[in-house]
Protein chains: 4
Amino acid sequence: MTADQDNHGPAGRPRSEEARQAVLNAVDDLLVEIGYAAMTMKNIAERAQVSRQTVYRWWSTKAEILFEACAEDATDELAIVPSGVTVTDIAAYLSALIEFLSRSPSGIAYRALVGEAQHSKEVAALLATSDILLNSAIEVLEGLTDSSRRTASPETAARLIAPVFYWIFSGKDPKALVATALADIFVNECPAA
Amino acid sequence: MTADQDNHGPAGRPRSEEARQAVLNAVDDLLVEIGYAAMTMKNIAERAQVSRQTVYRWWSTKAEILFEACAEDATDELAIVPSGVTVTDIAAYLSALIEFLSRSPSGIAYRALVGEAQHSKEVAALLATSDILLNSAIEVLEGLTDSSRRTASPETAARLIAPVFYWIFSGKDPKALVATALADIFVNECPAA
Amino acid sequence: MTADQDNHGPAGRPRSEEARQAVLNAVDDLLVEIGYAAMTMKNIAERAQVSRQTVYRWWSTKAEILFEACAEDATDELAIVPSGVTVTDIAAYLSALIEFLSRSPSGIAYRALVGEAQHSKEVAALLATSDILLNSAIEVLEGLTDSSRRTASPETAARLIAPVFYWIFSGKDPKALVATALADIFVNECPAA
Amino acid sequence: MTADQDNHGPAGRPRSEEARQAVLNAVDDLLVEIGYAAMTMKNIAERAQVSRQTVYRWWSTKAEILFEACAEDATDELAIVPSGVTVTDIAAYLSALIEFLSRSPSGIAYRALVGEAQHSKEVAALLATSDILLNSAIEVLEGLTDSSRRTASPETAARLIAPVFYWIFSGKDPKALVATALADIFVNECPAA
DNA sequence: GGCTAATCGAGACGGTACGTCACGTCTTACT
DNA sequence: AGTAAGACGTGACGTACCGTCTCGATTAGCC
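Colleague: When you look at the overall build of chain A in this model, what are you seeing that I'm missing?
Modeller: A tally of helices and strands in chain A yields ten helices and zero strands. From first element to last, N terminus to C terminus, chain A shows the α and β order α-α-α-α-α-α-α-α-α-α. When burial is assessed residue by residue, chain A has 46% of its 193 residues classed as buried. With the model as given, the accessible surface of chain A reaches about 10400 Å², and the carbon-plus-sulfur share is 54%.

This is the structure we're talking about:
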């Protein structure tokens, strides 16, 4: 009779992990199929085969669900395998970033959330809890082998992200961007070359 | 069949310019007072003291009204008086841009529209008809006295805008941005100077 | 151009009489088919092929609709053709009253409303606007040829109604009531006989 | 055949009498505080500090609980102490009946139940198991000293109850009723006296 | 003292009606 | 033909209660 283990879980029926996953999957699917604007709490619930009340019990808005659904995917998609060569790594990261923001379901979700955040304090606060993009860039910078010279500061990371971010969020064709942005970066990063 | 009047305008009562202005003003006011999300076609009509039908007759969505309402204001607010000194002009422009996007009613409207455009083809198409930001930057570049060296290309203009755009749309504090962004620009633009 | 006829109706689209009748009919039908308890604003609207909003626009509760639907029917069903013979008229009225309360759709609606009124101030107030039963009895009394002797007072009318009312509302078999109630009345009315 | 103890109660934890009383009390309180319509199985459980499941285990509907809660109270409140004088006893009973139906919590509960019974077979069946009012009247009649003349029949009892029942259930002011009803009864009951 | 079995509390579950809101369309009469 | 007014069908909103279902914990009688 060990004393240290009357770790009573909370009373009552435990939350259904099945329902939670069903909702997160439903949100992912619906985003691709009908888009963010057409998503409603109602059709999320129906798609997940879950009651509307259950959705509201755990999330207040579709933005919250979307954020929970896409946060971890984003981290994976924006990570790169360091090659040891700075230029290669940065190019790979920028490609991944462009791909993420313009094609990936998670990235599209992220864009929708950033869009909402422009006119919603709640969504803005939600996104502020974890700066997915900036963190991914910082991580890449920290993996560079010649990082002795450059500290992986948020400012540097921002310099990496800004052009891609601007082009995509302002609705420009990301294909045309690749060359320009990369050139831009490399000119700035290696002025003496 | 009177002679001097075959200037057949369309038959019937002409469009009420009064109603048009009332709607545009109402949209401006409401954006400040209740925000973009809470704006509806219904309360726009009520605020403008105009019938709902009249609003729908001339605009399809609140985004359209907002775009019409803020487009010209934006042009004014983002214009600068050339000083003849490149650094001064660019600094002035960036200040105006930051002010516009983070404080001005028109700028807040613009941010809301760009936000919507992330998940709405229609709004995206609307914004694509006139790239307000890029045009303003190009105009500034063209006004520079040493523009002989630098062509006022969209790429250069984008380089000017991107950092500000990214910081503000990603929800970062624009105050912290000023120093960083300006420093960034000037280092890049005039490395050899 | 006659001066006295610019009797402007109220502005806007006029109320749809079609919708109104559809709702009243739907309520009548549903009461018989599924009963008062199972009736909801939702299925009333669906049955009437009318939007839920339209139902709410004109009535607050199902009790209100029911009252409007049954009030006039009740008046018809509780009227009798005077025969000139007091005993005959009263017997006819009591039969009609029993039939109304125990079989007629309108009467069943009326019973449901009186039931609700026991625990709802609103419904009680609604019923108080017009005492359907008492009025019908008074009218019968006023039609009697020997009414010179008896004034058609509410008290007398109540004495007529009370036994039937009690038997039916307390759930007793109305068939067994007929003889008893009539005997009761006639003994009371004609003590000297 | 063991003598004194093959009274095997069912295995398992016995029903909590405490919980039963808490529910009945909660129903009484809630009826007075928020009324019948606003009472729900949910807030009954909360008020009784009992789980919802426990309520459902022993009662199906709030009507069942209410009936159990008010039945015995009613019997007490409608009993009178026989005085030996017929007129006095009947007057006392009618006063008690009026008081019960128009003021007493149990009586209000009873009215609510009779109300529900108008459109609910289940509640009607519940009330049919014991005709609280009629029984109370019969008991009074049986206690009369001159009952040699009048058999205490249900019909006579009904004649006593009907006017009060009608006046109160049809929403009329019970104060105005007292004089009328009593006069009515006494004229009818003792015409020759 | 363990076993069995029904109770208790808590609280999540799918379901459904609630009453409100805005949508975009329509039907009036007026200008 | 444009306009204000306002009713219409549609459908999502967020809330409430329904009755059911897990859970762990409790409380009896029986072996």
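Colleague: What exactly am I supposed to notice about a negative patch on the surface here?
Modeller: All names here are of chain A. On the surface, Glu72, Asp76, Glu77 and Glu99 cluster together into a patch of negative charge. In terms of residue count, helix H4 (residues 62-77) provides more of the negative patch than any other element does, three residues in total. Assignment of secondary structure puts Glu72 in helix H4. The class of Glu72 is exposed, set by a relative accessible area of 57%.

Colleague: Is there a simple way to think about the relation of the copies chain B and chain A in this case?
Modeller: Turning one copy of the chain about an axis and sliding it along that axis gives the other copy, so a rotation and a shift relate them. Mapping chain B onto chain A is achieved by rotating through 180 degrees and translating by 0.0 Å along the same axis, at an RMSD of 0.1 Å. When the rotation and shift are considered jointly, the pair of chain copies conforms to a two-fold rotation axis. When C-alpha positions in chain B are compared against the rotation axis, the closest is assigned to Gly115(B), at 1.7 Å. Comparing contact sets, 100% of the residues at the interface of chain B also lie at the interface in chain A, consistent with an isologous, same-surface contact.

Colleague: Before we go on, may I ask you to explain the domain arrangement of chain A in this structure?
Modeller: By a widely used convention, the size of an interface equals the accessible area lost when the partners come together. All names here are of chain A. Each assigned domain of chain A is listed with its residue range as follows: domain 1 (3-60) and domain 2 (69-189). On the side of domain 2, seven residues touch domain 1, which itself brings five residues to the contact. Here domain 1 and domain 2 share an interface that buries about 510 Å² over both sides, 75% of which is from carbon and sulfur atoms. When the area that domain 1 buries against domain 2 is broken down by residue, the three leading residues are Asp28, Leu31 and Tyr36, summing to 75%. Connecting domain 1 to domain 2 are zero salt bridges. Across the side of domain 1 that touches domain 2, the residue classes tally to four nonpolar, no polar and one charged.

Colleague: What should I look at first to understand helix H1 (residues 17-34) of chain A in this one?
Modeller: Residue and element names in this part refer to chain A. Between its terminal C-alpha atoms H1 stretches 25 Å, which fits the 26 Å expected from 18 residues at 1.5 Å a residue. Within H1 the residues assigned to the buried category are Ala19, Val23, Leu24, Ala26, Val27, Leu30 and Leu31. Taken around the axis of H1, the buried residues stretch over an arc of 155 degrees, which confines them to a single face. Exposed and facing more than 90 degrees away from the buried side of H1 are Glu18, Val32 and Glu33. The secondary structure elements touched by the buried residues of H1 are helix H2 (41-48), helix H3 (52-58), H4 and helix H6 (105-117). Of the residues flanking the end of H1, it is Gly35, one or two places downstream, whose phi is positive at about 90 degrees.

Colleague: Please clarify how the interface of chain B and chain A should be interpreted in this entry.
Modeller: Opposite the 27 residues of chain B that make contact, chain A presents 27 residues. In total, about 2300 Å² of surface goes out of reach between chain B and chain A, with carbon and sulfur atoms giving 61% of it. The three residues of chain B that bury the most area against chain A are Gln118(B), His119(B) and Tyr166(B), which together make up 30% of that side's buried surface. Here chain B is connected to chain A by two salt bridges. Salt-bridge contacts for Lys172(B) lead to Asp131(A); the nearest nitrogen and oxygen are separated by 2.6 Å. At the boundary of chain B and chain A, one finds six residue pairs in polar contact (both at pLDDT 80 or more). For the side of chain B that touches chain A, the element with the highest residue contribution is helix H9 (residues 154-169) of chain B, accounting for eleven residues.

Colleague: Where do I start with the interface of chain C and chain D in this structure?
Modeller: Residue-level contacts link 27 residues of chain C with 27 residues of chain D. Together chain C and chain D conceal approximately 2300 Å² of surface at their shared face, both sides included; 62% is due to carbon and sulfur atoms. The largest contributions to the chain C side of the interface with chain D come from Gln118(C), His119(C) and Tyr166(C), which together make up 30% of the buried area. Viewed at the interface, chain D and chain C are joined by two salt bridges. Taken together, the connections running from chain C to chain D amount to six residue pairs in polar contact (both at pLDDT 80 or more). Elements with a minimum of two residues in the side of chain C that touches chain D: helix H6 (105-117), helix H9 (154-169) and helix H10 (174-189) of chain C. If one sorts the elements of the side of chain C that touches chain D by residue count, H9(C) sits on top with eleven residues. Tallied by class, the residues present in the side of chain C that touches chain D amount to 14 nonpolar, six polar and seven charged.

Colleague: Just to check I follow, could you spell out the relation of the copies chain C and chain D for this structure?
Modeller: For the match of chain C to chain D, the screw axis carries a shift of 0.1 Å, the RMSD comes to 0.1 Å, and the turn is 180 degrees. Same-surface contact between copies: 100% of interface residues of chain C are shared with the interface of chain D.

Colleague: Quick question: what am I supposed to make of the packing of aromatic side chains here?
Modeller: Pairs of aromatic rings are described using the distance from one ring centre to the other and the angle between the two planes. Within this structure, the stated rule accounts for 14 aromatic pairs over all chains. An angle of 45 degrees between the planes, with centres 6.2 Å apart, marks the rings of Phe100(A) and Tyr110(A) as tilted. Here the residue Phe100(A) occupies a position in helix H5 (residues 86-102), and Tyr110(A) occupies one in helix H6, the gap between them amounting to ten residues. Grouping residues by exposure puts Phe100(A) and Tyr110(A) together as buried. Members of the aromatic cluster, each reached through a chain of ring pairs, are Phe165(A), Tyr166(A), Phe169(A), Phe165(B), Tyr166(B) and Phe169(B). Positioned above the aromatic ring of Trp59(A), the side-chain terminus of Arg15(A) is 5.3 Å from the ring centre.

Colleague: Is there a simple way to think about the confidence of the model for chain A in this case?
Modeller: Low pLDDT means the predicted atomic positions in that stretch should not be read closely. Residue and element names in this part refer to chain A. Residues of chain A with pLDDT of at least 70 account for 83%, and the chain-wide mean is 85. Within the model, the stretch residues 1-6 combines pLDDT values under 50 with zero contacts to residues more than four positions away or in other chains. A low-confidence stretch, residues 189-193 stays under pLDDT 50, and its non-local contacts, those more than four residues away or across chains, total one contact.

Colleague: Sorry if this is basic, but what is going on with the packing of helix H8 (residues 132-142) of chain C against H9(C) here?
Modeller: In helix packing, the relevant descriptors are the interaxial angle and the interaxial distance, both defined with respect to the helix axes. All names here are of chain C. Closest axis-to-axis distance for the H8/H9 pair is 9 Å, and the angle between their directions is 120 degrees. Here H8 is positioned oblique relative to H9, judged by the angle of their axes. Handedness of the H8/H9 crossing: right-handed. Listed contacts from H9 to Leu133, Leu134, Ala137, Ile138 and Leu141 of H8 are Pro154, Thr156, Ala157, Ala158, Leu160, Ile161 and Phe165.

Rules used in this analysis
- Residues numbered from 1 in each chain as written.
- Chains lettered and ligands numbered in written order.
- Predicted model: local features only at pLDDT ≥ 70, side-chain atom pairs only at ≥ 80, totals over all residues.
- Heavy atoms only, no water.
- Helix = DSSP H or I, 4+ residues; strand = E, 2+ residues; numbered from the N terminus.
- Buried < 20%, exposed > 50% of the residue type's maximum accessible area, 1.4 Å probe, protein only.
- Areas by Shrake-Rupley, 256 points an atom, 1.4 Å probe, with all protein chains shown as cover.
- Patch = residues over 30% accessible without salt bridge, like charges linked within 9 Å, V, L, I, M, F, W, Y side chains within 5 Å.
- Salt bridge = Lys/Arg side-chain N within 4 Å of Asp/Glu carboxyl O.
- Lys, Arg positive; Asp, Glu negative; His and termini not counted.
- Charge placed at Lys NZ, Arg CZ, Asp CG, Glu CD.
- Least-squares fit on C-alpha atoms with pLDDT ≥ 70 in both.
- Contact = heavy atoms within 4.5 Å.
- Domains from an automatic or database assignment.
- Buried area = accessible area lost by both parts, 1.4 Å probe.
- Nonpolar A, V, L, I, M, F, W, Y, C, P; charged D, E, K, R; others polar.
- Expected span 1.5 Å × (residues − 1).
- Arc of directions from axis to C-beta.
- Polar contact = N/O pair within 3.5 Å; in protein donor to acceptor, adjacent residues only side chain to side chain.
- Phe/Tyr/Trp six-rings, centres within 6.5 Å; stacked < 30°, edge-to-face > 60°.
- Lys NZ or Arg CZ within 6 Å of the ring centre and 35° of its normal.
- pLDDT = per-residue confidence, 0-100.
- Axes fitted to C-alpha atoms, helices over the stretch in contact; angles between N-to-C directions.
- Parallel < 35°, antiparallel > 145°, perpendicular 65-115°, else oblique.
- Left-handed = near helix turned anticlockwise from the far one by under 90°.

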